[in-house]
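One letter stands for each residue in the lines below.
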Amino acid sequence: MLLAIGQKKLRLALLSARKSGSGPRAQHRPGTKPTAQYLGAVASSSERPRVVHHVETKPSVPPNTLPHNDAAIPAWEAGGCLPGPLQHATHPPCPATFHLDSNSVQSESASEPWTHRPYCPDPEPDSKHKTTAYCVFTNATFRRGRGLSVIAPALGPDTGTAATDSGLARAVGQALVAIAASSATTGASDYSDENDQPPVPYAVQPIPGKGLGLVATRRIRRGSVLMVDGAAVLADAAFPGRVRRATGQELLAAAIDRLSSPEDVLGLARSRDYTGGASADAVGEEVDARVAEDVVKTNSFSVEVGGVAVMALFPRIARINHACNPSALTNFNESTLANTVTAFRDIDVGEEITISYSDFGLTSTERRRILLQKWGFQCSCALCSADADTLAASDARRAEMRATGQRVLQRVEAGDFAGAVALNGALVAAVAEEKLVPHLGDHFDVMARLCLAAGDAEGAAKYARKAIAEMKGFYQGAEAEGLAVRELEALVARLERP
Ligand SMILES: C[S@@+](CC[C@H](N)C(=O)[O-])C[C@H]1O[C@@H](n2cnc3c(N)ncnc32)[C@H](O)[C@@H]1O
């Protein structure tokens, strides 16, 4: 994700170089913040892969809905206790509502995020490993009753927060309460899945050399939403390094087991066959634990929730294969806990729908190595299978894009904005030639800011208009109304004011 990181750094450099009040405030928005990538080595990856991140146009939780201090939680104050992970130092947990069976439903109240008692296996501390207590928190109503399980640090009985509390259970709990409140008001389902009603524009079918995959069943236009998939499992990315393996497997198995259809997850692709041909639900508990672990490794995205790095499993998106020049992009929205798949370009009937698990700025050799090392497969996508000349030309463009991005940044840091404008123009051309079209809006946005910093108001307005057109064309619907577009529109209006 060097390209996007470069863009982000560049934007930051531009902001610090800019005189106060002379331009719009930069925000993270689609294509600029690397967050999502399939995980090969669970949690240990320091890479921040390709992502398209949703524009947050409003706070994810209405003010005072679920604040972090007890003084502002009147509904729960009345009861004198807080449910599950939202317990606070001065408020004891609500023992009366917990059933002894950890799988039994605790509550389906819209104001309480967890419908089950947290499942907290013994952390098995030993002298060699520094272990942390983790729990499985479950909301059975999310995803239209298919459920969501969260693996997050346990909350201490005395403090309400664990020493290592990542805030993950709290952040997800807040999102769930806000989602429930919004569904109750609007009658809408817990995430926007209007595009998922049959007939969907794709079919899941065998793809030679790749297992199953998605194939377009009708022509899909660039920018259209193909699928919105709510998370089934969210796991603190740090947990595999902080629990013993057996405990980790136990947590994962419990997280999946609490979903209404565990087989939807256990039946996903994995790197090995532990079953001897038996179906996932027909095998023993021990095997299930290993299957659960492998399925999560093979199919999880890396996203952020409440500033915490998280492994996220979206069961339907998990069927989408990787391509180095993909036909679609994913876009995780922290407020809805759902991931949206958008067509990267026009997709013909019969064409495979693919996303990228790796960084666009890498050469083919680098990508293949990472896909093999971290995800355990030899990439057989169209670009990797292309002839040597095509691959070499693509590699040269991607290497050049990366190097040019760095040079642009150096010019900005040196205050040479005119030089940066000239170089960034070459970068935009290379991006277009490599058909990484969704990035164009971001690049035009950067060009607008560079022109502004260089004192070229006309150029700034021109590129701001181009960025708006790209962003609106690509990120249809809510995204097009996003903060970035509004900022750019404000910039154009300001620049055009006589
Ligand atoms: C998230 S799953 C994708 C869906 C999977 N094909 C299935 O059958 O459910 C990832 C797995 O799909 C396969 N895969 C995905 N993209 C591939 C590619 N470009 N080339 C070869 N295999 C691929 C690999 O086996 C990988 O471990």
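These notes cover the structure that comes with them. (Residues numbered from 1 in each chain as written. Predicted model: local features only at pLDDT ≥ 70, side-chain atom pairs only at ≥ 80, totals over all residues. Heavy atoms only, no water.)

Before going further, it helps to spend a moment on the overall build of the protein chain. Broken down by element type, the protein chain carries 14 helices and 13 strands. Every one of the 498 residues in the protein chain was classed for burial, and the buried ones make up 53%. Nonlocal contacts in the protein chain, meaning residues at least 24 apart in sequence, comprise 66% of its contacts between residues at least 6 apart. Looking at the protein chain as shown, the accessible area adds up to about 20900 Å², and 53% of this sits on carbon and sulfur atoms. (Helix = DSSP H or I, 4+ residues; strand = E, 2+ residues; numbered from the N terminus. Buried < 20%, exposed > 50% of the residue type's maximum accessible area, 1.4 Å probe, protein only. Contact = heavy atoms within 4.5 Å. Areas by Shrake-Rupley, 256 points an atom, 1.4 Å probe, with all protein chains shown as cover.)

A few words now on the packing of helix α12 (residues 440-453) against helix α14 (residues 483-496). Their axes nearest at 12 Å, the elements α12 and α14 cross at an angle of 35°. The interaxial crossing formed by α12 with α14 has left-handed handedness. Residue-level inspection shows Asp445, Arg449 and Leu452 of α12 in contact with α14, the latter providing Glu487, Leu488, Leu491, Arg494 and Leu495. (Axes fitted to C-alpha atoms, helices over the stretch in contact; angles between N-to-C directions. Left-handed = near helix turned anticlockwise from the far one by under 90°.)

If you walk through the whole model with that rule in mind, you get six aromatic pairs. Judged by centre distance (5.5 Å) and plane angle (40°), the ring pair of Trp114 and Phe137 falls under tilted. Within this pair, whereas Trp114 is found in the loop between α2 (74-79) and β2 (134-139), its partner Phe137 is found in strand β2, the two being separated by 23 residues in sequence. The class for Phe137 is buried, based on a relative accessible area of 2%. Relative to Phe332, the ring of Phe314 has its centre 5.9 Å away and its plane inclined at 55°; by these criteria the two rings are tilted. Remark: Phe332 occurs in strand β11 (residues 328-333) and Phe314 occurs in the loop between β9 (308-313) and β10 (321-322); sequence separation between them is 18 residues. Here the aromatic cluster, defined as three or more aromatic residues joined through ring pairs, consists of Phe301, Phe314 and Phe332. (Phe/Tyr/Trp six-rings, centres within 6.5 Å; stacked < 30°, edge-to-face > 60°.)

Now for the pattern of salt bridges. Scanning the model with the defined rule gives 16 salt bridges in all. Among the salt bridges present, the one from Arg411 reaches Asp416, with a minimum N-O distance of 3.9 Å. Classification of Arg411 by relative accessible area gives partly exposed; the value is 35%. Notably, a salt bridge pairs Glu496 with Arg465, separated by 2.4 Å at the nearest N-O pair. Taken together, the residues span a long stretch of sequence, with Glu496 in helix α14 and Arg465 in helix α13 (residues 457-474) at a distance of 31 residues. Residue classification places Arg465 among the partly exposed residues on the basis of a relative accessible area of 41%. By sharing partners, the salt bridges in this structure join Arg397, Arg398, Glu433 and Glu434 into a single network. (Salt bridge = Lys/Arg side-chain N within 4 Å of Asp/Glu carboxyl O.)

Between its terminal C-alpha atoms helix α6 (residues 245-257) stretches 18 Å, which fits the 18 Å expected from 13 residues at 1.5 Å a residue. Listing the buried residues of α6 in full gives Thr247, Gly248, Gln249, Leu251, Leu252, Ala254, Ala255 and Ile256. (Expected span 1.5 Å × (residues − 1).)

Let us look at the nonpolar core. If you look at the biggest cluster of nonpolar residues, it comprises 52 residues, and the most contacted ones within it are Leu148, Val150, Val172, Leu234, Leu337 and Ile353. Top contributing element to this core by residue count: helix α4 (residues 168-186), with seven residues. (Core = buried A, V, L, I, M, F, W, Y, C linked by side-chain atoms within 4.5 Å.)

Okay, the site of the ligand next. The local shell around the ligand holds 19 residues, among which Lys210, Leu212, Arg319, Asn321 and His322 are the closest. Between an oxygen atom of the ligand and a side-chain N or O atom of Arg319, the distance comes to 2.5 Å. Out of a free accessible area of 560 Å², the ligand has 89% covered by protein chains. Counting residues per element, the ones that place at least two in the shell around the ligand are β5 (211-216), α8 (285-299) and β10. Broken down by class, the residue content of the shell around the ligand amounts to nine nonpolar, eight polar and two charged. (Near = heavy atom within 4 Å. Polar contact = N/O pair within 3.5 Å; in protein donor to acceptor, adjacent residues only side chain to side chain. Nonpolar A, V, L, I, M, F, W, Y, C, P; charged D, E, K, R; others polar.)

So, about the state of the cysteines. Applying the stated rule across the entire model yields one disulfide. A sulfur-sulfur distance of 2.0 Å marks the disulfide that ties Cys120 to Cys135. Looking down the S-S bond of the Cys120 and Cys135 bridge, the torsion is 110°, so its handedness is right-handed. Of the two residues, Cys120 is situated in the loop between α2 and β2 and Cys135 in strand β2; the sequence distance between them amounts to 15 residues. Of the cysteine sulfurs around Cys324, a residue in no disulfide, the closest is that of Cys384, at 3.7 Å. (Disulfide = S-S within 2.5 Å.)

Two faces, one strand: in a regular strand the side chains alternate between the faces of the sheet. Counting buried positions over the six residues of strand β6 (residues 225-230) gives five, a clear majority of the element. Sheet topology places β6 next to strand β12 (residues 338-343); five bridges connect them, and they run antiparallel. Within β12, the residue paired with Met227 across the bridge is Val341. (Pairing = 2+ DSSP bridges.)

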